[in-house]
Amino acid sequence: GAVVSQHPSRVICKSGTSVKIECRSLDFQATTMFWYRQFPKQSLMLMATSNEGSKATYEQGVEKDKFLINHASLTLSTLTVTSAHPEDSSFYICSARKERLTNEKLFFGSGTQLSVL
Amino acid sequence: GENVEQHPSTLSVQEGDSAVIKCTYSDSASNYFPWYKQELGKGPQLIIDIRSNVGEKKDQRIAVTLNKTAKHFSLHITETQPEDSAVYFCAATFTSGTYKYIFGTGTRLKVLA
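So, here is what we can say about the structure in this document. (Residues numbered from 1 in each chain as written. Chains lettered and ligands numbered in written order. Predicted model: local features only at pLDDT ≥ 70, side-chain atom pairs only at ≥ 80, totals over all residues. Heavy atoms only, no water.)

1. Side note on the pattern of salt bridges
- All chains considered together, the criterion is met by 9 salt bridges over all chains.
- Note that Arg24 of chain A and Glu22 of chain A form a salt bridge whose closest N and O atoms lie 3.5 Å from each other.
- In this structure, the salt-bridge partner of Lys37 of chain B is Glu39 of chain B, at a minimum N-O distance of 3.9 Å.
- Each of the salt bridges in this network shares a partner with another, and the network as a whole consists of Glu59 of chain A together with Glu2 and Lys100 of chain B. (Salt bridge = Lys/Arg side-chain N within 4 Å of Asp/Glu carboxyl O.)

Right, dumping it as structure tokens:
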């Protein structure tokens, strides 16, 4: 199988604080991880593509300084929401691409519900 | 642009009936099309996928068909069960610039017992 572990599952923080979300591929190496944001009853919106050992590629409209992404190893990517505000409250989901030959399968973590007070 | 359209947004079927969800994509170069099932408060789970060199793929009660010429693909669920109730997302890969997966808007499937 392909397991992607995401922590924490839920976080409540005060406005102005920073929150770090971890995404780990447990049984495979992931050179590429993706971070999505999902509002209630809406689709998954791609925020950024995280590549191991290099800078993340952000989608248009996503603030790089607001959403810091680090992909330091082949099994770990982190998303840090800096100086969080209520409008950052959302469901954040990471995913990892299992690459083997031409295998493009994408597996998701369980998501993190962020609530900023 | 990079776009995946999905229909319908909601779908109610009687238990045992079939459900069909359709998606269209904008980039003729897209070559991989996965389908995901998402339950409330959880991450999406991959249920079936298809590559552009295949027209149809089946896995028990679930099947996916792909029409590359028309740039659309569909998910078919037969003999639906209450546990099939969830939100289903289609996706397509886009390769201009960085390799990425773009998702459809989702279909909320409700299977009525």
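2. Details of the side chain of Thr49 of chain A
- With respect to the secondary-structure elements, Thr49 of chain A resides in strand S5 (residues 44–51).
- Leaving out residues up to four positions away in the same chain, Thr49 of chain A has contacts with Thr32, Met33, Phe34, Ala56 and Thr57 of chain A together with Thr98 of chain B. (Helix = DSSP H or I, 4+ residues; strand = E, 2+ residues; numbered from the N terminus. Contact = heavy atoms within 4.5 Å.)

3. Quick notes on the interface of chain A and chain B
- With 23 residues of chain A at the contact, the number on the chain B side is 20 residues.
- Linking chain A with chain B are 2 salt bridges, by the criterion used here.
- With a shortest N-O distance of 2.5 Å, Lys105 of chain A and Asp49 of chain B are connected by a salt bridge.
- Sorting the residues of the side of chain A that touches chain B by element identifies strand S4 (32–38), S5, strand S9 (90–97) and strand S10 (106–108) of chain A as the ones contributing at least two each.

4. Some remarks on the sheet that holds strand S1 (residues 4–7) of chain B
All names here are of chain B.
- Overall, antiparallel pairing links the 5 strands, which are arranged S1-S3-S8-S7-S6 in an open sheet. Edge positions in the sheet fall to S1 and strand S6 (56–59), since each has one partner strand and no second. Strand-to-strand twist of the sheet, defined as the mean angle between neighbouring strand axes without regard to direction, takes the value 15°.
- One ladder, built from 6 bridges, connects strand S3 (residues 19–25) with strand S8 (residues 72–77); its direction is antiparallel. Each bridged residue has a counterpart across the sheet, and for Ile21 the counterpart in S8 is Leu75. (Pairing = 2+ DSSP bridges. Axes fitted to C-alpha atoms, helices over the stretch in contact; angles between N-to-C directions.)

5. Let's talk about the pairing of S4 of chain A
Residue and element names in this part refer to chain A.
- Across the 7 residues that make up S4, a large majority, 7, are buried.
- Of the two faces of S4, both are covered, the one formed by Thr32, Phe34, Tyr36 and Gln38 as well as the one formed by Met33, Trp35 and Arg37.
- Note: S4 against S5, 7 bridges, orientation antiparallel. In the sheet register, Arg37 faces S5, and the bridge partner there is Met45.
- What sits between S4 and S5 in their antiparallel hairpin is a turn of 5 residues, with Lys41 showing a positive phi close to 60°.
- The sheet contact formed by S4 and S9 spans 6 bridges and is antiparallel. The residue bridging Tyr36 from the neighbouring strand is Ile93, located in S9. (Buried < 20%, exposed > 50% of the residue type's maximum accessible area, 1.4 Å probe, protein only.)

6. A short note on unusual backbone geometry
- Geometrically, the link from His7 of chain A to Pro8 of chain A is a cis peptide bond, its omega value of -5° lying close to zero.
- Relative to the elements of secondary structure, Pro8 of chain A occurs in the loop between strand S1 (4–7) and strand S2 (10–13).
- Pro8 of chain B follows His7 of chain B through a cis peptide bond whose omega is -5°.
- Along the polypeptide, Pro8 of chain B turns up in the loop between S1 and strand S2 (10–14).
- If you check the backbone angles, Ser83 of chain A has positive phi at about 45° while not being a glycine.
- By secondary structure assignment, the location of Ser83 of chain A is in the loop between strand S8 (76–81) and S9.

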